[in-house]
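Take a look at the letters that make up each chain.
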Amino acid sequence: MAARDEILRSLRAAAVPQAPLPDVSRLAAVRYPDVRERFARSVLEVGGRCIALAEGESLEAALLAVPEYAAARKVASLVVGVGKANVDLEATRDPHELRDVDFCVASAELGVAENGACWIVHHGGSNRAVLFLTQHLAVVVRGDSLVHNLHEGYERAAIPSPGFALWLSGPSKTADIEQSLVIGAHGARSCTVFVVG
């Protein structure tokens, strides 16, 4: 106990004095002339693909043009009207049962042009693991919900209470190993974002 107390006392004595936070009010957040074009480019830059759908255009037809969806055997959907959906998330009791889902379709409340991130609130509840276990992921976001930067995104993002929500940007990726980018290392191997309207 004496050594522990001495170490803690030394740490407290060496504490760095508090400094005032910098004034960031003079810094303007990034804005883009064409938020949709920049969002699509950001999604591409983070390893995903972005497909624009006109209002009323069939999501199912657009999904069938995605090779990973066309080849998928087990499809989970958190979006109404996905024809190949055959995984009942509400009936799934153990997230381990989702380990072999080939494709998952989810919706996003917001999309951020700055980094291609999507704010996902409706994620499957207790089975939200499907977003991370699926081999391929599609996210549907409305064009009128795109914002320029993450500052605007945080101002508009709402977390249900109690709840869980997440920012998702592209497929799973890591560059930790030998500085080599690996797509799909910890989750979805591909991510397709559909911008509707």
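For clarity, every value in this text was computed on a predicted model and none was experimentally measured.

(A) Summary view of helix α1 (residues 2-13). Given a rise of 1.5 Å per residue, 12 residues ought to cover 16 Å, and the 16 Å separating the end C-alpha atoms of α1 matches this to within 8%. Buried residues are scarce in α1, accounting for zero of its 12 residues.

(B) Fine view of the confidence of the model for the protein chain. Chain-level pLDDT for the protein chain is 91 on average; 99% of the residues reach the 70-or-more range. For the protein chain, per-element mean pLDDT is lowest for strand β10 (residues 182-183), which scores 81, and highest for strand β7 (residues 146-147), which scores 98.

(C) The sheet that holds strand β3 (residues 103-107), seen in detail. Pairing within the open sheet is parallel, and its five strands lie in the order β1-β11-β6-β3-β2. Edge strands, defined here as strands with exactly one partner in the open sheet, are β1 (49-53) and β2 (75-77). Between one strand axis and the next, the sheet turns through 20° on average, direction left out of account. Sheet analysis places β1 next to strand β11 (residues 190-196), joined by five bridges and oriented parallel. Each residue of the ladder has a partner; that of alanine 52, found in β11, is valine 195.

(D) Fine view of the sheet that holds strand β4 (residues 110-112). Reading across the sheet, the four strands line up as β7-β4-β5-β8 and stay open at both edges, with mixed pairing between neighbours. The sheet terminates laterally at β7 and β8 (166-168), the two strands that pair on one side only.

(E) Looking closely at the nonpolar core. Counting residues in hydrophobic clusters, the biggest one holds 26 residues, and the most contacted among them are Phe39, Val139 and Val193. Of all the elements in the fold, those that place two or more residues in this core are α2 (35-45), β3, β5 (118-120), α5 (130-133), β6 (136-142), β8 and β11. Excluding its chain neighbours within four sequence positions, the residues that come into contact with phenylalanine 39 are Cys50, Gly111, Val112, Ala113, Gly116, Ala117, Cys118, Val141, Leu146, Val193 and Val195. Core analysis: the next-biggest nonpolar cluster, separate from the first, contains 16 residues, Ala62, Val66, Tyr69 and Val140 among them.

(F) Looking closely at α2. Turning to α2, its buried residues number three or more, namely Val35, Arg38, Phe39, Ser42 and Val43. The arc that holds the buried residues of α2, viewed along the axis, is 140°, so those residues lie on one side. Buried positions along α2 lie against β1, β4, β5, β6, β7 and β11. The backbone nitrogen of arginine 36 lies 3.2 Å from a side-chain oxygen of the residue at the head of α2, namely aspartate 34. Backbone geometry just after α2 places glycine 47 at a positive phi near 100°.

(G) Region of interest: the environment of alanine 165. With respect to the secondary-structure elements, alanine 165 resides in the loop between α6 (150-156) and β8. Residues alanine 165 and serine 126, 39 residues apart in the sequence, show an inter-C-alpha distance of 12 Å. Those residues within four positions of alanine 165 in sequence are excluded, and the remaining contacts are Trp119, Ile120, Val121, His123 and Ile159.

(H) Examining the layout of surface pockets more closely. Empty space within the largest pocket amounts to approximately 180 Å³. For the lining of the largest pocket, the residue count by class is six nonpolar, five polar and one charged.

(I) Quick peek at the side chain of serine 145. Along the chain, serine 145 turns up in the loop between β6 and β7. Given a relative accessible area of 7%, serine 145 falls into the buried group. Ignoring anything within four residues of it in the chain, the contact list for serine 145 reads Glu109, Leu110, Gly111 and Arg156.

(J) Geometry of the pattern of salt bridges. Across all of its chains, the model carries nine salt bridges by this definition. One salt bridge connects arginine 31 with glutamate 152, and the closest N-O pair in it is separated by 2.3 Å. Here glutamate 152 lies in helix α6 and arginine 31 lies in the loop between α1 and α2, a separation of 121 residues in the sequence. Under the relative-accessibility criterion, arginine 31 is labelled exposed at 54%. Accessibility expressed as a relative area gives 18% for glutamate 152, which makes it buried. Within the structure, one salt-bridge network assembled from shared partners comprises Glu55, Arg142 and Asp144.

The rules behind the values
- Residues numbered from 1 in each chain as written.
- Predicted model: local features only at pLDDT ≥ 70, side-chain atom pairs only at ≥ 80, totals over all residues.
- Heavy atoms only, no water.
- Helix = DSSP H or I, 4+ residues; strand = E, 2+ residues; numbered from the N terminus.
- Expected span 1.5 Å × (residues − 1).
- Buried < 20%, exposed > 50% of the residue type's maximum accessible area, 1.4 Å probe, protein only.
- pLDDT = per-residue confidence, 0-100.
- Pairing = 2+ DSSP bridges.
- Axes fitted to C-alpha atoms, helices over the stretch in contact; angles between N-to-C directions.
- Core = buried A, V, L, I, M, F, W, Y, C linked by side-chain atoms within 4.5 Å.
- Contact = heavy atoms within 4.5 Å.
- Arc of directions from axis to C-beta.
- Polar contact = N/O pair within 3.5 Å; in protein donor to acceptor, adjacent residues only side chain to side chain.
- 1 Å grid on protein atoms, 1.4 Å probe; cavity = no way out; pocket = protein on both sides within 12 Å on 5 of 7 lines; lining within 4 Å.
- Points joined across faces, edges and corners; volume = space filled by probe spheres on them.
- Nonpolar A, V, L, I, M, F, W, Y, C, P; charged D, E, K, R; others polar.
- Salt bridge = Lys/Arg side-chain N within 4 Å of Asp/Glu carboxyl O.

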